[in-house]
Amino acid sequence: MKSINENQFTKIIKTLTTAYYEKEKVEVGEMWQTRVMGHILSMDPCYTKAGYFELFQQFVWKLTPVAFVLIGLLGLALFKMDFYSDYEFTKSFVSNSADLVTLAMYSGS
Amino acid sequence: MFSDSEIVSQVLEGKVNSFESLMSRYKDLVLKIVKKHVPYSEVEEMAQEAFIRAFQSLSGFKNSGDFKQWLSSITVRTCYDYWRKAYRNKEVSMSELTEKHQKWLEEVISDQPEMPSSSVDAQKEATELLDWALGKLSAEDRLVLELIYLEGLSGKEASDLLGWSIANVKVRAFRSRNKLRKLLKGTIKR
């Protein structure tokens, strides 16, 4: 396979650029603008639709840091409560460590 | 004559017909962008889509900003979405290259000072080769390659239009250039 050096590649890009700009010469129909405007006029008023979306967007992004803090706190609380209580609660009733092991085996934990 | 910001305010106040003034003012700009980025058969539809998107997000336009830049960005992103959809639905035509294209490429890279692009046939082959090569790239690579290497925009300008970070644009531009080079290298006769 022949290789293309930097100069040759630059030359190709330059030639392809000419072809690329040729695409600009395509013409569109005369009634195009009227058709688009007709479509827009038949749509719901944009300001209401976009307004709600904007409001929603602003609200969501402002709440993001609070959401992260809450998720962190909730995760920490769950981690502390769940793991600690199950084991510690059982341990307070069962004084013998052998019983505790047996209990763990039967409970499947 | 009203400024762009004043017309935007009028439309947002309910005078939807005023949007036509913006359309008349920027129709050529939108069509110019769209014509370069999407196939001929899709130009009218994509230009319409760009104006509809602009209309729908008009309240997001900051009056202090440049409307032309804002609309250009919406138009480029509309073209990008077109290609993403086309690639996803496998609607990108993958025409094969012929001997003529290979010959054209070899003539370009030969040391002849005269480029073969002067004739109509050569121009056609160049366009077909370009479409073939761009069709082999992803939607992202395609847009970045067109904006940076074929239109000559800076990384900052392309990042503003696409809404990506400058670093992302630069990395993509580098990769897409290499991919194009590899593709063209593969087409040259052994």
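For the structure itself, consult the block above.
One structure accompanies this document, and this report is about it. (Residues numbered from 1 in each chain as written. Chains lettered and ligands numbered in written order. Predicted model: local features only at pLDDT ≥ 70, side-chain atom pairs only at ≥ 80, totals over all residues. Heavy atoms only, no water.)

**Focus on the overall build of chain A**
- Counting its regular elements, chain A contains 4 helices and 0 strands.
- If you list the helices and strands of chain A from N to C, you get α-α-α-α.
- Counting all 109 residues of chain A, 21% fall into the buried class.
- Just so you have it, chain A exposes about 8600 Å², and 67% of that area is on carbon and sulfur atoms. (Helix = DSSP H or I, 4+ residues; strand = E, 2+ residues; numbered from the N terminus. Buried < 20%, exposed > 50% of the residue type's maximum accessible area, 1.4 Å probe, protein only. Areas by Shrake-Rupley, 256 points an atom, 1.4 Å probe, with all protein chains shown as cover.)

**Side note on the interface of chain A and chain B**
- Residue-level contacts link 42 residues of chain A with 56 residues of chain B.
- Between chain A and chain B the total buried area reaches about 4900 Å² when both faces are included, carbon and sulfur atoms providing 68% of it.
- A salt bridge links Lys36 of chain B to Glu24 of chain A; the shortest N-O distance between them is 3.4 Å.
- Linking chain A with chain B are 10 residue pairs in polar contact (both at pLDDT 80 or more), by the criterion used here. (Contact = heavy atoms within 4.5 Å. Buried area = accessible area lost by both parts, 1.4 Å probe. Salt bridge = Lys/Arg side-chain N within 4 Å of Asp/Glu carboxyl O. Polar contact = N/O pair within 3.5 Å; in protein donor to acceptor, adjacent residues only side chain to side chain.)

**With respect to a nonpolar patch on the surface**
- There is a patch of nonpolar side chains on the surface, built from Leu63, Val66 and Leu70 of chain A and spanning about 270 Å² of accessible area.
- Tracing the backbone shows Val66 of chain A in helix H3 (residues 46-93). (Patch = residues over 30% accessible without salt bridge, like charges linked within 9 Å, V, L, I, M, F, W, Y side chains within 5 Å.)

**Quick notes on the pattern of salt bridges**
- Taken as a whole and judged by the stated rule, the model has 15 salt bridges over all chains.
- As a salt-bridge pair, Lys23 of chain A and Asp131 of chain B come within 3.3 Å of each other at their nearest N and O atoms. Taken together, the positions of Lys23 of chain A in the loop between helix H1 (6-22) and helix H2 (32-41) and Asp131 of chain B in helix H6 (residues 120-135) put the pair across two chains.
- Overall, the relative accessible area of 14% leaves Lys23 of chain A in the buried class.
- For Arg25 of chain B, the salt bridge identified is with Asp4 of chain B, shortest N-O distance 2.6 Å. With Arg25 of chain B in helix H2 (residues 19-37) and Asp4 of chain B in helix H1 (residues 4-12), the pair connects residues that are 21 residues apart, well separated along the chain.
- With a relative accessible area of 31%, Arg25 of chain B lands in the partly exposed category.
- Connected through shared salt-bridge partners, Glu49, Arg53, Asp81 and Arg84 of chain B make up one network.

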